[in-house]
Structure formats: C-alpha cells, structure tokens
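# Observations on chain architecture
Residue strings, one per chain:
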Amino acid sequence: MDLGSANAHPRASSLPAHLLPPEKREAWSSVPLPDVRAASEGRNADASAAPYQMRWYRLRYAPDGTWPTSVALYMPRLVGLAAAVLVRTEEGWQPVFDNQAGAREQWVRPLWALIPSALTDTPKDQGLDIVLAVPVAADEPYSVPTVWLGAKEELEAKQGRRWTLQIAVPQATGLLLVVLGFFSLSLWLRRRDEPAYLLFALLTLAWLLRNLHYYLATPRTPLGEGWFWWMSNAALSWVMLLTFMFALRYAQRRFKQMERGMVVFVVLSSVLTLPWWHQPIAAPVLQHSANAVLGLVCTLFLLGLAVRGGRSAVNSEDGSRPLPGLTELRVIAVSLVICVVLGLHDLVLMAGWAWPEHLYLLPFATLISVATFLYAVQRRYLGALNEVELLNTQLAERLSQQSMELKSQYERLREVERQQALLLERQRLMQDMHDGLGSALLSAMVAVEQGSMDQDKVVEVLRECVDDLRLVIDSLEPVAHDLVALLATMRYRLGKRLQAGGLMLEWDVQDLPMLEWLEPPDALHVLRLMQEALSNVLKHARATRVRMVTRNHGHYVEIRVEDDGDGFDLATAQRGRGLKSQQRRAQRLGGVVRIDSSPGQGTRLSLRLPVKRPQAPGQQGPAESRTI
C-alpha cells in the first residue's frame, strides 16, 4: 500500500491514519514468505509512484492447544526500513514493537518482538491478529523472510542460535584475528627482514574495519552512514590486496609490476567511491564490483602461481623437494577461493537474487584467515625446527667424523712419538754404552793384550763396567718421578761394593717432592753423578765412612755425599776433568753441583735440583744455576 492510503481502521486512535493497515478485505492479497524484491527490480520501479511504500503482512495466531503465557514473533533478518508489529485489540490496532532504533542493523540481526500477555488474554477464543508493517523505498530492494509465531520459550533457542551465528561468532573471530595481528606485529618487530608478518598485521586491521558493523551501531545521519559503509566496503578491497601480498611474501615471491598495478587499482576504487561524489559513482554496486574483480584476479593469479610453482619443482634437478613456501602458497590460494565463493554468496544474498534467509558467510572467512595464518606459521616453525634438527644431525655427523679422524691422527701421532722415543732411547743407550761401558772394556782389552794390566786391575775394571751397566738398566726402571726411589735402587746396587771396600754407608734420606721433569735420561745423569762421587770416595779418599743425605728446600731439593777421608785442594782439583764432567751433568739437569773439601777434612758434594723446571735440560743459564 502506498503511504497516504485512507483504508485505515477508524478506531485506532493511537496511530496516525496513514500508518494503519487497511480494513477492507479487497485491499489484501495472499503472498508467500519470504517476500523479496531484488535490487534490479527496485531500479525499474515506476518513476510516478510514491518514493516510499508501506507493506503490511497480516498474520493470524491461533494455537490448537493451550495458549502460551507469552507469545513471541521471530524473523531471521529483515531488509527494509524501520519495521513495526501491530496487534489487533477491541480498541483497534495497537503497536507492540518499533524497530526504528535498530533499523540500520536489522539486515544482519534477527528481529525479535514479544507480545504482552495482556493483549493475548482477550482473543484466545477467536485467535490473535498480528500485522507486520515494513516501510520500503520504492527503488530499493527489500526482503521479508519467514515469520515465526509461537511461545517465547520455544522460539528463544532458534533466535539465540541465529544471533550466535550472525553476530557473536563474527565478533569473536574478529577479536581473535586482532589478537593474531598483534602477535604478527610482534614477530615483525623482532624480524624486520620478513615483511609478511607486517602485512598480516595490516590485514587484521583491514578485517576489523570491514566487520566494524558487528561491534558498532550504524551512524544515524545520512553522511555518517555513507562514510561508514564506504569504509567497510573499501576495507574489503584492502583485505584482499594485503592477503595477496602476504601470500607472495610468505612464499618468497615478488611481482613488482603486478603488485603496483593492484595497489593503484585499490587506491583508485577507494577514491572513486568516496561518499562526496555523485550517487552513481558512490553506489555500493561499484564498490562490490571492484571487490569482485580484485578478488577474482588475486585468486586466479595465486592459483596459477601455485600450479606453475609445483611444475617448476617437478622439473627441477631435485624434484623431491618443492620450492620454498609452495605449500603455504597453495593453502592461501585455496582459502582465497573459498573466501571468493563466500563473497559471491553474500553478494547474491544482498542483491536479493536468492537465499533470502541465509546467513552472511563472508565474516566466517575470518576463521579461514586465522586458520591459514596459523598453518603458515606452523609450517614455518616446523620447517625451522626440521632445519635445525637436520643441521644438528649433520653437525653431529661431521663432529663424529672429525673426532674419528682426530682419534686416528692421535693414534698415528702416538705411534710416531713412541717410535721416536724408542729410537732416541736406543740412541741414548748406544751412546752411553759406547762412551762408558764400551770405552772401559776396549781400554781394558788393549791393556790386557799389551800385558800392562794385572789381574786385580782387570777385575776392578770389569766390576766398574758391571756397575755402569746396572746404572743404565736402573735408569730405565719406572721410578714415577721419585728421586728417593731412584737413590734407593742405587744403594741396593752399590751397597755391597762399598762394604767390600771398607766403607760404612750412612743413609739420611728424607722424603722429597715428585720431580715431574725426571725422565730416564735425567735419571741416568743423577745416577752417574752419584756413582762418580761414591767411586771417588772409594778410590781416592781413604775414608771409613760415607753419608748420603737428601733435603727439601721448597723450590729445590738437595742431595749430599759426605765422607771422612783425606780431602783435597780445590784449586788443584778444578783443573781436572772429573769436576767439569760433574758440572756439565748438573747443568743438563737444570741444577748446580758444589764441592767443598780441604786436605785432612773430608769432602762434601752437593747436588741441587729444581722442583719445577720450565726449560729443557741444558738451557739453564749460569745466573739461574747460582740461585739454587
């Protein structure tokens, strides 16, 4: 009915006459619900008709059984101007619901009206007449879905489910996407070299602007409403653009010309649809058309790139290993296909071409975006873990291989050192036997052949050779750097000879610290030096007593050989070779030897050896020798 119709009920004084439903039966006609006029039909309306129309839908509620305490009216959604619900009473049509406050959101929110029990008590015998008044613009689409009438308790669950799906779920998923956006922004702040995370953070901001009508009421002024819906529709273009660029960056792809062209397209479409332009330019149809073109181009491009990427991976040298980010690119491309399908569904629903009672599904694309981002991050995280594990495995293998090589080289080095030590020891023994035992035996043999050596002298030479051989053997015994043990071995070897020569040996040996540097060559020098000192006492001193003393002086140790023999003049003895030989041996040991003697006062030989010897034998200078 056009506004201004005079077919109003005469007793309905509470409403203006032009807002009352007609009373004449011939003014009504049956219409199936949902009743829909598509956008194309509205634009073809008669130009001479009134700019607005009031459509009344008369319903009758008469339950077969007991009447409910409270009757409710529920509709999934309503596209039109502010709707009202009227109930017929004895006084006429009485309004029970007026949706002027929420008219701008009723296209996405379920409509819920409660009829007071006072109005349902009287007509229980003949039923309840209810009228739904829906004003519509003559050139705009409208949609009146199926109307549910019944007990409040029975319809609350249906209305609650619809509210959850149309309002609560989009709100919750939008907030979840914002949280992921902050998470992505934090990742980008830590990893500035990966712009994909920044793009996803901007994408969540664009999604929030697109779904802002789920959180805020639409502005009441025409200018504010125009800017509000322009921002919402333009944000969808930026959502698709940022999704496209996010997919390329995450898959490590760059198409500069394509990206620049799409940015220019989005900027131009956003500018050309600003609310201050003429109505044909600022029409939502232009915005949705631009969004549809952009979505199709992005989706087809990514699908083609995913297919070409798969083929290039198969044709590469390593066909078993796909290109980096190819799997994520395919998942994002599939998600874009789903989002485009959801967007086309909503476009058909908004235009009134089909499915007037369906839900708007594009807000659920937020869940797809969340799932896609989480999958991409999971793939990147698992890929990083697998790469770290692979690198650790390869590193462990290389370390094991290098360890085996080092072990093998160490074994070879030890074998070389052992062979070298054996060679040096063999050379040392040969040199000692040549200089000592060999020289003595050769001299004795020549003297015996010439008849210049008597038997007692030969026996003495042979005994000295045996003692010298024993010293060489004793120097090879493992004394573990123990100087006291070395001297004890010498006492055991030479004790009987000293006793046979009429000498009484006094043993005043105290514990000494371990000499880490005391090796077999050094031990032989110590033994030869002590043997030479005892031999001099036995041969030349005519002594009856000899005393062996050891002392620990902290940074050096001392070995003394003291006798009660005739003694000698040091000035005369220093020109001999024996004392120089003893000094050379002491210098090789890193120590110093000192002899104190005078005629008739006996002799004392003192050998001082360092506890720590930082330098090799024979490198001690005279100044260091004097400090011991």
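Structure: see above.
The present account deals with the structure reproduced in this document.

Running from N to C, helix α5 (residues 222–250) and helix α6 (residues 256–272) cross one another at 175°; their axes reach a closest spacing of 10 Å. The orientation of α5 relative to α6 falls into the category roughly antiparallel. Facing Trp230, Ala234, Ser237, Trp238, Leu241, Phe244, Met245, Leu248 and Arg249 of α5, the residues of α6 in contact are Met258, Glu259, Met262, Val263, Val266, Val267, Ser269 and Ser270. Across the contact of α5 with α6, the residue classes break down as 12 nonpolar, three polar and two charged.

At a minimum axis separation of 11 Å, helix α12 (residues 483–500) and helix α13 (residues 520–541) run at an interaxial angle of 30°. With respect to α13, the element α12 is oriented roughly parallel. Read as a crossing pair, α12 and α13 show a hand that is right-handed. Across the interface between the two elements, Leu483, Leu486, Leu487, Met490, Leu494, Arg497 and Leu498 of α12 pack against Ala523, Val526, Leu527, Met530, Gln531, Leu534, Ser535, Leu538 and Lys539 of α13.

It is worth spelling out the sheet that holds strand β9 (residues 148–151) at this point. One open sheet holds the three strands; their spatial order is β6-β3-β9, and the pairing between them is antiparallel. Of all strands in the sheet, those with a lone pairing partner are β6 (111–115) and β9, marking the two edges. With strand direction ignored, the average angle separating the axes of adjacent strands in the sheet is 25°. With five bridges joining them, strand β3 (residues 71–75) and β6 adopt antiparallel strand pairing. Paired with Val71 across the bridge in β6 is Ile115. Most of the contacts of helix α3 (residues 152–190) go to β9, to which it runs at about 130°, and overall it touches β3, β6 and β9.

This part covers the sheet that holds strand β4 (residues 84–89). Where strands meet in a sheet, backbone hydrogen bonds hold them as pairs that are either parallel or antiparallel. Reading across the sheet, the four strands line up as β2-β7-β4-β5 and stay open at both edges, with antiparallel pairing between neighbours. Sheet topology places β2 (52–61) and β5 (92–98) at the edges, where each strand pairs with a single neighbour. When the angles between neighbouring strand axes are averaged without regard to direction, this sheet yields 25°. The sheet contact formed by β2 and strand β7 (residues 128–137) spans 10 bridges and is antiparallel. From the neighbouring strand, Arg58 faces β7, where its bridge partner is Val131.

Right, let's talk about a nonpolar patch on the surface for a bit. Together, Leu223, Trp227 and Trp276 make up a nonpolar patch on the protein surface, roughly 370 Å² of accessible area in all. Along the polypeptide, Trp227 turns up in helix α5. By relative accessible area, which is 30% here, Trp227 ends up partly exposed.

Turning to the pattern of salt bridges, a few remarks are in order. Going through the model one piece at a time under the given rule, you end up with 20 salt bridges. Close ionic contact of Asp129 with Arg60 constitutes a salt bridge, the shortest N to O distance being 2.7 Å. Within this pair, whereas Asp129 is found in strand β7, its partner Arg60 is found in strand β2, the two being separated by 69 residues in sequence. The salt bridge involving Glu558 is made with Arg560; its shortest N-O contact spans 3.3 Å. Of the residues examined, Glu558 reaches a relative accessible area of 7% and is grouped as buried.

Counting along an α-helix, one turn takes 3.6 residues, and residues three or four places apart therefore face a common direction. Compared with the 24 Å implied by 1.5 Å per residue over 17 residues, the 24 Å span of α6 between its first and last C-alpha is a close match. Where α6 is concerned, the buried positions are Glu259, Met262, Val266, Ser269 and Ser270. Summarising the axial view, the buried residues of α6 lie within an arc of 100°, below the 170-degree limit, and thus occupy one face. α6 presents Gln257 and Arg260 as exposed residues on the side facing more than 90 degrees away from its buried surface.

Calculation rules
Residues numbered from 1 in each chain as written. Predicted model: local features only at pLDDT ≥ 70, side-chain atom pairs only at ≥ 80, totals over all residues. Heavy atoms only, no water. Axes fitted to C-alpha atoms, helices over the stretch in contact; angles between N-to-C directions. Helix = DSSP H or I, 4+ residues; strand = E, 2+ residues; numbered from the N terminus. Parallel < 35°, antiparallel > 145°, perpendicular 65-115°, else oblique. Contact = heavy atoms within 4.5 Å. Nonpolar A, V, L, I, M, F, W, Y, C, P; charged D, E, K, R; others polar. Left-handed = near helix turned anticlockwise from the far one by under 90°. Pairing = 2+ DSSP bridges. Patch = residues over 30% accessible without salt bridge, like charges linked within 9 Å, V, L, I, M, F, W, Y side chains within 5 Å. Areas by Shrake-Rupley, 256 points an atom, 1.4 Å probe, with all protein chains shown as cover. Salt bridge = Lys/Arg side-chain N within 4 Å of Asp/Glu carboxyl O. Buried < 20%, exposed > 50% of the residue type's maximum accessible area, 1.4 Å probe, protein only. Expected span 1.5 Å × (residues − 1). Arc of directions from axis to C-beta.

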